[in-house]
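Each chain, written out:
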Amino acid sequence: MKRLAISVSALLFTMVGVAAADDPIVVRQSLMQAAAASAATSAGMMKGEIEYNPTVAKAAIATLYGVSQAYGDYFPEGTQEGDSDASPRIWEDMEGFQQAIADFQTDTAAAVQAAGEDGPADLAAFQQAIQPVLSNCKDCHEDFRIQDN
Ligand code: HEC
């Protein structure tokens, strides 16, 4: 029974792609990679590179919603050091950072609402739902992520 529990939790961690689940930096970076994958799928559909599919659209929205709910929990004091692009501003202005998370949560929740049971009916509906969500990426990165350039 114990072995079963261990393998089930190992499976769950594999599913979210978390290699070292006890390292908050690794967790927050894998959450961002999940967000990036959903954003790329969304952009592909909006550009017509991927045929619009309401189920895929709904999955992308659901992933972004999940990321927005979890993300704020992985910035404990002390994790500004290490292999991270998180800006020190996060810890200098934790209230501002939590507000950015709250905005991301509000916009993803609205998109979940708009997607309904079957996903947004067409590309125009999807676009309307997802665009406010995607604007959070740039907004938060500008303020709270160390840019590579
Ligand atoms: C509330 C703030 C916030 C929002 C919203 C946000 N990000 Fe991020 N993102 C960050 C921070 C902070 C980092 C750096 C994390 C680290 O390296 O510890 C990051 C890192 C990343 C990375 C690099 C991950 C890695 O492997 O190191 C990608 C890719 C990314 N974000 C994509 C996105 C996309 C796409 C969205 C929108 C759907 C988004 N982010 C929304 C704050 C945010």
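Every value quoted in this text rests on a predicted model; they were computed, and no experiment measured them.

### Regarding the coordination of the iron atom of the ligand
So, point 1. For the iron atom of the ligand, the full set of protein donor atoms is Met32 (SD) and His141 (NE2), at a range of 2.0 to 2.1 Å.
So, point 2. Given six donor atoms and angles of 84 to 179° at the metal, the environment of the iron atom of the ligand is assigned as octahedral. Placement of the pair is Met32 in helix α2 (residues 24-46) and His141 in helix α6 (residues 123-144), with a sequence separation of 109 residues.
So, point 3. For Met32, a relative accessible area of 24% puts it in the partly exposed group.
So, point 4. On the accessibility criterion, His141 (23% relative accessible area) is partly exposed.

### Considerations on the side chain of Thr79
So, point 1. Relative to the elements of secondary structure, Thr79 occurs in the loop between α3 (54-70) and α4 (89-92).
So, point 2. Of note is the side chain of Thr79, whose polar atom sits 2.7 Å from the backbone oxygen of Pro76.
So, point 3. If near-sequence neighbours (up to four positions away) are discounted, Thr79 is found in contact with Pro24, Ile25, Arg28, Tyr74, Ser84 and Trp91.

### Looking at the site of the ligand
So, point 1. Near the ligand there are 23 residues, and of these Met32, Gln33, Cys137, Cys140 and His141 occur at the shortest range.
So, point 2. Between an oxygen atom of the ligand and a side-chain N or O atom of Ser84, the distance comes to 2.6 Å.
So, point 3. One of the backbone nitrogen or oxygen atoms of Asp85 is found 2.8 Å away from an oxygen atom of the ligand.
So, point 4. Listed by contribution, the elements that provide at least two residues to the shell around the ligand are α2, α5 (94-115) and α6.
So, point 5. The element that contributes the greatest number of residues to the shell around the ligand is α2, accounting for seven residues.
So, point 6. Class assignment of the residues belonging to the shell around the ligand gives a composition of 15 nonpolar, five polar and three charged.

What counts as what
Residues numbered from 1 in each chain as written. Predicted model: local features only at pLDDT ≥ 70, side-chain atom pairs only at ≥ 80, totals over all residues. Heavy atoms only, no water. Donors = N, O, S within 2.8 Å, 3.2 Å for Na, K, Ca; no water. Tetrahedral: all angles 85-135°; square planar, octahedral: opposite > 155°, others 65-115°. Helix = DSSP H or I, 4+ residues; strand = E, 2+ residues; numbered from the N terminus. Buried < 20%, exposed > 50% of the residue type's maximum accessible area, 1.4 Å probe, protein only. Polar contact = N/O pair within 3.5 Å; in protein donor to acceptor, adjacent residues only side chain to side chain. Contact = heavy atoms within 4.5 Å. Near = heavy atom within 4 Å. Nonpolar A, V, L, I, M, F, W, Y, C, P; charged D, E, K, R; others polar.

Read these as layout, nothing more, since geometry by itself doesn't imply function.
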